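Descriptive analysis of the structure
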Amino acid sequence: MSTTETQKIEELANKEYEFGFVTDIESDTLPKGLNEDIIRQLSAKKQEPEWMTEWRLKAYRHWLTMEEPHWSNVTFPPIDYQDISYYSAPKSTPKYKSLDEVDPELLNTYKKLGIPLEEQKILAGVAVDAVFDSVSVATTFKDKLNEMGIIFCSFSEAIREHPDLVKKYLGSVVPYTDNYYATLNSAVFSDGSFVYIPKGVRCPMELSTYFRINAANTGQFERTLIIADDNAYVSYLEGCTAPMRDENQLHAAVVELVALENSQIKYSTVQNWYPGDKDGKGGIYNFVTKRGACRGTNSKISWTQVETGSAITWKYPSCILQGDNSIGEFYSVAVTNNMQQADTGTKMIHLGKNTRSTIVSKGISAGRSNNSYRGLVRVGKKAENARNFSQCDSLLLGDKCGAHTFPYIEIDNPTAQVEHEATTSKIGEDQIFYLNQRGISTEDAVSLIVNGYCKEVFKELPMEFAVEAQKLLSISLEGSVG
Amino acid sequence: MLLEIKNLHAKVEGNEILKGINLKVDLGEVHAIMGPNGSGKSTLASVLAGKEEYEVTEGEIWFKGKNLLELNPEDRAREGIFLAFQYPVEIPGVSNTNLLKTAVNEIRKYNGEEELDSIDFLKLLKEKSKLVELDQKFLSRSVNEGFSGGEKKRNEIFQMAVLNPKLAVLDETDSGLDIDALKIVANGVNKLKTKDNATIVVTHYQRLLDYIIPDFVHVLYKGKIVKSGGKELALELEEKGYDWIKSDKAEIVA
């Protein structure tokens with residue numbers, strides 16, 4: 001990165017967060033700041049049992065001993081953790097009375113994505129009429145899941161209704177001591193999703209936060225825990241292709257996955273948080289810890305992510321391959337445009353015998369953005385016959401953006417086979433002209449080329465998500481060439 | 001008149017390559033443009049297609065009564081100009097089918113026609129792939145990726161068959177082809193020829209013109225058309241070589 005770019009990013013990053021949301025302070029909001037008392041109050045407001053409060057406090061005390069990490073390839077101004085309110089009532093009042101008050105540019109994007117009007121209202125934070133289709137849909141789904149013994153509920157509900165499961169697995173993959181943001185999350189997490197698939201059950205539908213009422217209000221410190229018991233299968237979708245705006249700048253979520261014997265968890269994310277304006281102003285910082293443990297033999301965890309949003313993304317969905325013959329997969333498309341910064345990748349930790357992992361990472365940089373892949377493949381002493389294949393491709397649009405690859409490989413067992421391939425390419429003027437000459441506009445040409453480039457990842461997404469992701473990609477890169 | 005080029009001058013990176021081209025092409029005609037290396041043949045093809053690096057400094061191009069120079073490359077294509085590239089570009093991850101479906105529908109939209117549905121489109125692809133003897137497995141493969149030289153050229157003619165242009169410009173389509181591939185490509189071009197379209201064949205060698213019989217042959221030299229004639233001109237060139245033109249031209253200038 002050139003010094004002028006660094007300066008620019010610094011300049012922009014130093015500008016005040018002046019995004020024009022006005023939210024009424026509700027009576028049910030804790031004052032800004034973080035201390036033990038605040039955490040106790042937060043826990044009390046959520047009517048949590050003593051063990052939960054204690055867990056939070058342990059995390060908080062540990063957090064005080066930690067320092068904000070700065071090893072990643074992103075720059076941002078210091079975050080004042082005392083200037084954040086760590087609890088506000090889950091139901092916020094609508095920000096707007098009607099769609100007419102919403103930023104027309106945002107509505108235009110919704111339209112391009114083909115989002116129904118009622119959903120547009122919810123996404124933009126407009127008051128919605130009492131009866132909304134997806135609410136009833138959600139209820140129907142819930143009944144069906146209940147019959148099969150599947151638990152799919154908010155994290156708060158899980159703490160109340162299924163404390164044994166939560167106690168057993170919470171922090172078992174991402175301990176509260178794990179890293180600065182995960183530890184902060186452990187202390188103050190607001191809400192999130194909890195999924196338990198019982199032995200031998202194949203979840204018959206894609207589980208999506210979308211179908212959970214109030215999902216949009218889980219707040220900035222979301223916590224997700226998914227457990228697939230022996231021989232179980234679940235596919236979980238997170239996020240939404242529509243751009244999500246939020247008045248919270250810092251998002252530090254934690255996702256823990258536990259796959260037991262012969263089970264499989266497929267976790268797909270489409271992340272499109274507000275990236276800030278063209279100069280990166282007002283965008284969201286997304287510092288996420290996602291990790292899955294393949295505990296059982298023959299278990300499998302697949303992460304698929306399409307990241308187009310946020311001003312800064314710091315995220316490494318990882319797999320700990322403990323069970324023999326277990327499989328970890330990571331498929332990622334990360335797009336950065338304008339002033340966005342992304343430092344993302346994965347960790348594959350091979351511990352069991354005959355474990356396999358696959359990494360396919362596609363980075364796309366446009367504008368003045370910076371896109372880094374950071375990945376670790378570790379093969380432990382006892383991991384006989386571990387195999388890994390990594391492919392990291394970077395695509396550059398224009399000549400002011402950056403792509404970086406940081407692969408780390410640590411092998412402690414001589415039987416391991418690890419392959420790493422990396423390419424960097426630019427969308428060529430000649431490719432675009434070729435498509436122009438076939439009657440295709442430059443914008444459509446870029447979209448064709450980029451979608452072709454990402455095909456390997458998109459084919460891992462559930463069908464509907466894949467279609468939306470393609471559209472999303474085109475919109476994210478609009479105007480970045482020519 | 002389908003195409004009329006008047007006193008066309010064009011520059012690349014500051015060098016004037018075309019120095020006053022005049023050419024008229026009518027429906028139902030096949031024109032061959034021949035000339036030694038560096039005479040400006042490919043430049044002329046690129047200027048017609050609207051490649052950005054080529055700056056037109058003087059002159060006019062009229063296509064179907066429209067000022068072609070005012071149209072961007074995609075609109076030129078939509079109006080019916082097709083360029084078979086000398087070096088077809090590889091586009092990883094984008095299948096031939098996908099490219100053609102997008103192209104066909106963009107062209108149809110531009111011309112106020114309804115988009116083709118998948119069934120009709122696949123029927124069209126099947127029919128046209130037979131016409132140019134292209135194995136159907138190429139349809140699902142990424143555009144030109146890993147294709148041999150001959151396959152790339154044949155793929156160009158296949159795209160041309162599907163897009164059904166008014167004016168096809170074949171830029172050195174014969175280069176790098178063995179005689180069998182050449183026959184297949186020429187055969188495809190001949191089958192696509194109708195009274196309602198026209199073809200400009202840009203070539204260095206006469207041999208392609210054994211298979212695609214031109215109505216007119218133009219010799220380009222140092223950015224100008226220095227000789228025009230019937231198909232016999234190509235044979236004469238073959239016999240005497242370009243030196244004949246060069247010395248002839250030298251005399252004219254002198």
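Preceding this paragraph is the structure being described.
The structure displayed is predicted, hence computed values, not measured ones.

Conventions used here
Residues numbered from 1 in each chain as written. Chains lettered and ligands numbered in written order. Predicted model: local features only at pLDDT ≥ 70, side-chain atom pairs only at ≥ 80, totals over all residues. Heavy atoms only, no water. Helix = DSSP H or I, 4+ residues; strand = E, 2+ residues; numbered from the N terminus. Rg over C-alpha atoms; globule rule 2.2 N^0.38 Å. Buried < 20%, exposed > 50% of the residue type's maximum accessible area, 1.4 Å probe, protein only. Contact = heavy atoms within 4.5 Å. Areas by Shrake-Rupley, 256 points an atom, 1.4 Å probe, with all protein chains shown as cover. Buried area = accessible area lost by both parts, 1.4 Å probe. Salt bridge = Lys/Arg side-chain N within 4 Å of Asp/Glu carboxyl O. Polar contact = N/O pair within 3.5 Å; in protein donor to acceptor, adjacent residues only side chain to side chain. Axes fitted to C-alpha atoms, helices over the stretch in contact; angles between N-to-C directions. Left-handed = near helix turned anticlockwise from the far one by under 90°. Nonpolar A, V, L, I, M, F, W, Y, C, P; charged D, E, K, R; others polar. Pairing = 2+ DSSP bridges. 1 Å grid on protein atoms, 1.4 Å probe; cavity = no way out; pocket = protein on both sides within 12 Å on 5 of 7 lines; lining within 4 Å. Points joined across faces, edges and corners; volume = space filled by probe spheres on them. Arc of directions from axis to C-beta. Parallel < 35°, antiparallel > 145°, perpendicular 65-115°, else oblique. Patch = residues over 30% accessible without salt bridge, like charges linked within 9 Å, V, L, I, M, F, W, Y side chains within 5 Å. Lys, Arg positive; Asp, Glu negative; His and termini not counted. Charge placed at Lys NZ, Arg CZ, Asp CG, Glu CD.

1. As for the overall build of chain B
Secondary structure summary: chain B contains eight helices and 12 strands in total. In terms of C-alpha radius of gyration, chain B reaches 18 Å, essentially the compact-globule figure of 18 Å for 254 residues. Within chain B, the proportion of its 254 residues that are buried is 53%. In chain B, of all internal contacts separated by at least 6 residues, the share reaching a separation of at least 24 is 69%. With an accessible surface of roughly 11500 Å², chain B has 46% of that area assigned to carbon and sulfur atoms.

2. What about the overall build of chain A?
Helix and strand counts for chain A come out as 13 helices and 19 strands. Residue burial in chain A is summarised as follows: out of 482 residues, 58% are buried. Restricting the contact set of chain A to residue pairs at least 6 apart, pairs at least 24 apart contribute 84%. Carbon and sulfur atoms make up 49% of the accessible area of chain A, which totals about 20200 Å².

3. Digging into the interface of chain A and chain B
Residue-level contacts link 18 residues of chain A with 29 residues of chain B. For the pair chain A and chain B, the summed buried area comes to about 1900 Å², and 64% of that belongs to carbon and sulfur atoms. Ranking the residues of chain A by area buried against chain B places A:Phe433, A:Tyr434 and A:Arg438 at the top, with a combined share of 37%. In this structure, the connection of chain A to chain B is made through one salt bridge. Between A:Arg438 and B:Glu156 there is a salt bridge, and its shortest N-O distance comes to 2.7 Å. Our enumeration of links across chain A and chain B arrives at 11 residue pairs in polar contact (both at pLDDT 80 or more).

4. Quick word on the packing of helix H3 (residues 50–64) of chain A against helix H9 (residues 180–188) of chain A
Residues and elements named next belong to chain A. Closest axis-to-axis distance for the H3/H9 pair is 7 Å, and the angle between their directions is 145 degrees. As for the relative orientation of H3 and H9, their crossing is left-handed in sense. Note on element contacts: H9 touches H3 through Tyr 180, Thr 183, Leu 184, Ser 186, Ala 187 and Val 188, opposite Trp 55, Arg 56, Ala 59, Tyr 60, His 62 and Trp 63. Looking at side-chain class alone, the contact of H3 with H9 contains eight nonpolar, three polar and one charged residues.

5. Details of the sheet that holds strand S12 (residues 224–229) of chain B
Adjacent strands of a sheet pair through backbone hydrogen bonds, lying either parallel or antiparallel. Residue and element names in this part refer to chain B. Spatially, S6-S9-S10-S3-S11-S12 is the arrangement adopted by the six strands of the open sheet, whose pairing is mixed. Where the open sheet ends on each side, the last strands, each with one partner, are strand S6 (81–84) and S12. For this sheet the average axis-to-axis angle between neighbouring strands, irrespective of direction, equals 20 degrees. As paired elements, strand S3 (residues 30–34) and strand S10 (residues 198–203) share five bridges and run parallel to each other. Residue pairing in the sheet places Ala 32 in a bridge with Val 201 of S10. Here helix H5 (residues 149–163) sits on the sheet in contact with S6 and strand S9 (167–171), set at roughly 170 degrees to S6.

6. Re the sheet that holds strand S5 (residues 66–67) of chain B
Residues and elements named next belong to chain B. Strand order in the open sheet made by the four strands is S2-S1-S4-S5, with antiparallel pairing throughout. Either end of the sheet is taken by a strand with one partner, and the two such strands are strand S2 (15–25) and S5. Examined bridge by bridge, strand S1 (residues 3–12) and S2 share eight bridges and lie antiparallel to one another. When the sheet's bridge partners are listed, Leu 3 is paired in S2 with Val 25.

7. Comments concerning empty space enclosed by the protein
Under the counting rule described, the total for this entry stands at five cavities of 30 Å³ or more. In this model, the largest cavity occupies a volume close to 100 Å³. Of all elements in the fold, only strand S13 (327–336), strand S15 (356–365), strand S16 (370–379), strand S17 (387–396) and strand S18 (402–411) of chain A reach the threshold of two or more residues within the lining of the largest cavity. Its residues assigned to classes, the lining of the largest cavity comprises four nonpolar, nine polar and two charged. In this model, the second largest cavity occupies a volume close to 80 Å³. Listing elements by their share of the lining of the second largest cavity, those giving two or more residues are H5, helix H6 (179–192) and S10 of chain B.

8. Details of unusual backbone geometry
All names here are of chain B. In this model, Lys 64 sits at a positive phi of 50 degrees, which is unusual for a non-glycine residue. One non-glycine residue, Glu 172, lies in positive phi territory at about 50 degrees. With relative accessibility at 9%, the residue Glu 172 sits in the buried group.

9. Let's talk about helix H2 (residues 36–45) of chain A
All names here are of chain A. When H2 is considered as a whole, its buried residues turn out to be Ile 38, Ile 39, Leu 42 and Ser 43. Along the long axis of H2, the arc covered by the buried residues comes to 135 degrees, so they all point the same way. The secondary structure elements touched by the buried residues of H2 are H3 and H9. Structurally, the start of H2 carries an N-cap: the backbone nitrogen of Asp 37 is 3.0 Å from a side-chain oxygen of Asn 35. Directly beyond the C-terminal end of H2, a positive phi value near 55 degrees is found at Gln 47.

10. Some details on the packing of helix H11 (residues 442–453) of chain A against helix H13 (residues 463–476) of chain A
Residues and elements named next belong to chain A. Relative to each other, H11 and H13 sit at 130 degrees, their axes nearing to 9 Å. Relative to H13, H11 is oriented oblique. Crossing of H11 over H13 shows right-handed handedness. Counted together, Ser 447, Val 450 and Asn 451 of H11 and Gln 470, Leu 473 and Ser 474 of H13 form the full contact between these two elements.

11. Examining the pattern of salt bridges
With the rule as written, the count across this model stands at 28 salt bridges over all chains. Across the pair A:Asp178 and A:Arg291 runs a salt bridge whose closest N-O atoms are separated by 2.8 Å. Note that A:Asp178 is positioned in the loop between helix H8 (163–169) and H9 and A:Arg291 in strand S9 (residues 285–294), a separation of 113 residues in sequence. Residue A:Arg291 is classed as buried on the basis of its relative accessible area, which comes to 12%. Ionic pairing is found between B:Lys64 and B:Glu79, a salt bridge with its closest N-O pair at 3.2 Å.

12. Focus: the pairing of strand S2 (residues 191–197) of chain A
Residues and elements named next belong to chain A. Counting buried residues along S2, seven of its seven residues qualify, which places the element largely inside the surrounding structure. Pairing analysis gives seven bridges linking S2 to strand S4 (residues 222–228), with the strands arranged parallel. By the bridge assignment, Ile 197 is partnered in S4 with Ala 228.

13. A few points about a positive patch on the surface
Positive charge collects at one region of the surface, where B:Lys19, B:Lys222, B:Lys224 and B:Lys246 lie side by side. Locating B:Lys222 in the fold gives a position in the loop between strand S11 (216–221) and S12.

14. Quick look at the side chain of B:Arg76
Residues and elements named next belong to chain B. If you trace the backbone, Arg 76 turns up in helix H2 (residues 73–79). Within the buried set, Arg 76 has no salt-bridge partner at all; the shortest N-O distance to an opposite charge, 8.4 Å, is to Glu 74. Only 2.8 Å separates the side chain of Arg 76 from the backbone oxygen of Val 47, close enough to count as a polar contact.

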